[in-house]
Amino acid sequence: MKVMILAAGFGERMRPLTEHTPKPLLQAGGRPLIAWHIEALAALGLDDLVINVAHLGQQIIDWCGDGQRWGVRIRYSREPEPLETAGGIQRALPLLGSAPFLVVNGDVWTEYPLQRLLARAHLPDGAAHLVLVDNPPQHPLGDFQLTDSGRVVPRPPTAKGLTYAGIGVFSAGFFADMAPGKVPLRPLLDAAIAAGRLSGEHFTGAWADVGTPERLQALDARLRAAADSTG
């Protein structure tokens, strides 16, 4: 299964840190955020990676290189400006191919066992499977609800749901009907829900959306404390 790491955003909420450093290269626990993903993927033998880049993208290309030091192959999808999630994935489809592929946001950190998603390698064309997590403080109502059968459904306006973790498996056909350009992912997810083509799972383990300097600092402190406790 090929993997796309989303790394093209401006990281506006992370300013001033992202004025000179792209968010995926900000460090937590002594290494860049993107390195945590690459190392986890390499350990599973997921060695065909695509990274989209835009804002300060050359820094990501220079730091990650071709992936040889991790034993993986990295190719890059360059965007003239950030195309948002769906737009960025669609632009990268020629590199990702026709089989379902794993997508990971470059600005999250997690202990989610990515090997679980290998079982989704045969998703029907036009379908997707999302990892959902408990709602963080900054997103208290969440995005969606999940049925007992694993179907993702809309969250009623006054009810709580679960939060999309920024991790999922998508079929290439999921993006077949969208026009190229700057396109967010949410409208496509809503359309897939309406068509019954969106499944999901609830992960209750460690996960963090590193969206602000304060959250990055908290994650860094947590990871360093964990490293100190294990010697």
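For the structure, check the block above.
Reading guide: rules and limits
Residues numbered from 1 in each chain as written. Predicted model: local features only at pLDDT ≥ 70, side-chain atom pairs only at ≥ 80, totals over all residues. Heavy atoms only, no water. Core = buried A, V, L, I, M, F, W, Y, C linked by side-chain atoms within 4.5 Å. Buried < 20%, exposed > 50% of the residue type's maximum accessible area, 1.4 Å probe, protein only. Helix = DSSP H or I, 4+ residues; strand = E, 2+ residues; numbered from the N terminus. Contact = heavy atoms within 4.5 Å. Pairing = 2+ DSSP bridges.

> Give a description of the nonpolar core that names residues and reports values.
One finds Ile 34, Ile 38, Ile 51, Ile 60, Cys 64 and Ile 74 to be the most contacted residues of the largest nonpolar core, which totals 33 residues. Elements represented by at least two residues in this core include exactly strand S1 (3-6), helix H1 (33-43), strand S4 (48-53), helix H2 (57-64), strand S5 (73-78), strand S6 (101-105), strand S8 (128-133) and strand S11 (163-170). Not counting chain neighbours up to four residues away, the residues in contact with Ile 51 comprise Ile 5, Ala 7, Ile 34, Ile 60, Cys 64, Ile 74, Arg 75, Tyr 76 and Ser 77. Core analysis: the next-biggest nonpolar cluster, separate from the first, contains 29 residues, Leu 96, Val 152, Phe 174 and Ile 193 among them.

> I'd like a description of the pairing of S8, backed by residues and values.
Of all 6 residues in S8, 6 are buried, a share of seventy percent or more. Burial along S8 is two-sided: Ala 128, Leu 130 and Leu 132 facing one way and His 129, Val 131 and Val 133 facing the other are all buried. Here S8 pairs with S11 via 5 bridges, running antiparallel. Looking at S11, one finds that Leu 132 is bridged to Tyr 164. Both S8 and strand S12 (residues 198-203) contribute to a ladder of 6 bridges, which runs parallel. Across the sheet, the residue bridging to Ala 128 is Leu 198, located in S12.

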